[in-house]
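Read off the chains here:
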Amino acid sequence: MLNQEYWKIATCRHQRLKSYRSIANVVLVFLILLFTLLNSTSLYGQHNASQQDSLKAKHLKDTSFELIRTNPDSAIVVARKLADYGELKNNLKWEVDGLRRIGMAYEAKAKFDSALVYYNRSLKLRESSGDIKLQAVGIGDLAILAITTGRYQESIELYKRQLSLWKELGDSTRISKAYNNVGVAYFYLGDVRNTIDAYSASMKIDAQLGNTNRLQRTKVNVAQLYNRIGNHQKAIELLSEAEDYFKENDSDFVNDYTIRSTQGAVYSDMEEFIKAMEKYQLAFAIAEESKNPLHKARAFMNIGLVHKRTGEFQEAIEKFEKALSYHKEFNDPQGIAITLANLGKAYLETGKIREAIAVSKRVIGYHDEYGNLVEAVEAYDVLAQCYKQLGDAPKAYSALEKHLRLRDSLDGDEKVALLLDKEYEFKYELKAKSDSLQLAYENEFQLNDQKKQHKRQTERLLIGGVVSLIFLIVLGLLVRARQKRKLLKAEFKAKTHELNSVKSEMKALRSQMNPHFIFNALQSIQNFLLDHKSEEANEHLLKFSKLMRNVLENSRHDEVLIEEDLDALELYIELEKLRFPRPFNHTITIDNSVIPDEDMIPPLILQPFVENAIWHGLKLKKDNGAIDISISKNGNFLHCIVEDNGVGRQKAASKVKTDTLKKASLGLQITKERLSLHDSRFNLSSSLKVIDLKDDNEQPRGTRVELTIPIST
């Protein structure tokens, strides 16, 4: 392309200045040199512009995400700028992220129709890219919105569509999450059989991956299922196990709220109302602290349920009406239907017949649109009683007939759940083999009892003998299972003690790491304040304060999101550039196998290696240096590489002061000890390699650190 341009210029000169050929040649050479100079300058400018574009897009992305919870209107403005900027720069990823964050902000404002528009626009762009992972994430946004707005059947179809994409990619962690989400949607829909199948598939994968965190979350979902089919004791046991686990490990308000609410529901169904009220009050306190209105609505409704069941109907009505106002604000059809159904019963008990009829009809309307079977059964029962009190026999009979027909359908689903429960327990080893065998015996007894009504006396004797035989077998298995259970409990206590010790040591090491890291960052700021203008100093002090906030927040956890840790590392490198004698470049590359906003990493684990690369590898280098950081994932291992083009370890050791080497050694020693303790949590081994890089003449050309870490997903 360039040669064609040069020849075009040369030809023009030749045609116009035939008599001055020698002069034309001189001009041509000059033009070539000038063009080359301008072209190289342009490329340099393009490189800088590309960096500026990325920084601007990242700033818009981070800012919009932070504003979604606190100020969704401002989040929409910033996210729209990100989408427009992506369209302007022809960067599909930025445009998709902007549209998605607009949808999330509208969802936070409970403007679900607007959220749906932007999620669909985002998905359309994702599909045009051909990137399967991008498409799957977009479909997940739509599925979550469908559950939020009570469109459970639609959410199931979306999650199944997403599931096929994760299977195509072979992403086991995402496959497990999709199965779990499908189970939640089926649970809300009242489809017990499919709920069990979905939860079972999710737990099987998590057990294979060793993902204890997600197993415990699914265990809470399964507890809700057990409560629905009437096995309250099993539900309490599962919830207690999940509660104990999250007390020992990092939790969040969603886990705490869900566990307390489910415990309250189980105790209420067991008619232990004092315990139920205690749990619901705790759930309400968590909802208030987290400022989550939807959770507050559900807490109000649950407290109202306890009042209703203890005969305090006026108090129940007050709580139901408060819950209803929150559910209406969030346009939550499931919550509205459940609250109306309970409000109808409370109105009936207090003699407000007309109000009871009105709300019950609304519940039936929700059943026709969204399939709320349980609530429709209750609504028809209330209507039958209301019409009976009004003396309207035809309407009372019609409502009673529909109530009985729907109740029979519901009972059928519950019987299916009981039949499947035995298979579920044995196939996936959820917990306590003895409880599963006891439940299987009860199911067999119920089925045989039904058959006795239709069989002759001889058949009843035969069945009685079979049941007796099964009972003896189960009894033997129960004794054996209890013995095994005692052994497992002893092993679990020993392991818990070991993990607590590891956790204490890990915290001690992090407490050593933070002062070491903060001291170096403060030293960078101090040098900058001594040498630069106050306005620039103020700008970088703001960066430092943000870095310190990230570091202090991340240091509270054994693991943090890769995205959050890399943000802190990026800020650290920017501050180190301030006091470094020469400019140096750095890159951070994340492989497609890594999900930065989901995959976890020990906080500040890469920082000591980056610090060594800067102050031992690049400091003695005469020309500009470079540091390249890359992260990829293979199964349950994260592969991190920190590579510099510095002078190498041998020359650095001969030039750097002894005190500086001791500081570097301290940082690396703490990191190695942290890795050793981190490994003990996973029963897997980290690996650390430091490689001296050499050129063709066997001269040092830098250092590469290769770190492999087992991670949580």
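Fair warning: this is a prediction, and the values are worked out from it, not measured in the lab. (Residues numbered from 1 in each chain as written. Predicted model: local features only at pLDDT ≥ 70, side-chain atom pairs only at ≥ 80, totals over all residues. Heavy atoms only, no water.)

(A) Spatial organisation of unusual backbone geometry. The backbone of E271 sits at a positive phi, close to 65 degrees, despite the residue not being glycine. Within the secondary structure layout, E271 lies in the loop between α12 (253-269) and α13 (273-290). Accessibility expressed as a relative area gives 55% for E271, which makes it exposed. (Helix = DSSP H or I, 4+ residues; strand = E, 2+ residues; numbered from the N terminus. Buried < 20%, exposed > 50% of the residue type's maximum accessible area, 1.4 Å probe, protein only.)

(B) Quick peek at the packing of aromatic side chains. Per the counting criterion, the structure on display carries three aromatic pairs. Between Y85 and W94 the ring centres are 6.0 Å apart and the planes differ by 15 degrees, which places this aromatic pair in the stacked class. Each member of the pair, Y85 as well as W94, carries the same accessibility label: buried. The ring of F584 carries the charged tip of K577 above its face, separated from the ring centre by 5.4 Å. (Phe/Tyr/Trp six-rings, centres within 6.5 Å; stacked < 30°, edge-to-face > 60°. Lys NZ or Arg CZ within 6 Å of the ring centre and 35° of its normal.)

(C) Here's a closer look at helix α11 (residues 232-248). In this model α11 runs 25 Å from its N-terminal to its C-terminal C-alpha over 17 residues, within 8% of the 24 Å that 1.5 Å per residue would give. Buried within α11 are the following residues: K234, A235, I236, L238, L239, A242, E243, Y245 and F246. (Expected span 1.5 Å × (residues − 1).)

(D) Fine view of helix α18 (residues 373-390). Look at α18: 26 Å from first C-alpha to last across 18 residues, which is about the 26 Å you get at 1.5 Å a residue. Along α18, the residues that are buried comprise L373, E375, A376, V377, A379, Y380, V382, L383, A384, C386 and Y387. Of the residues trailing α18, G391 is marked for its positive phi of about 80 degrees.

(E) Summary view of the pattern of salt bridges. Following the criterion strictly, the structure yields 20 salt bridges and no others. Across the salt bridge formed by D269 and R309, the nearest N and O atoms sit 3.4 Å from each other. Here R309 lies in helix α14 (residues 293-309) and D269 lies in helix α12, a separation of 40 residues in the sequence. Exposure remark for D269: the relative accessible area of 37% places this residue in the partly exposed category. Residue classification places R309 among the partly exposed positions, given a relative accessible area of 34%. R649 is the partner of D692 in a salt bridge, and the nearest nitrogen-oxygen pair spans 2.9 Å. Residue D692 is found in strand β6 (residues 687-694), and its partner R649 is found in helix α25 (residues 649-655); the two are separated by 43 residues along the sequence. Among the residues examined, D692 registers a relative accessible area of 39% and is labelled partly exposed. Residues joined in a network through salt bridges with shared partners are K58, D62 and D567. (Salt bridge = Lys/Arg side-chain N within 4 Å of Asp/Glu carboxyl O.)

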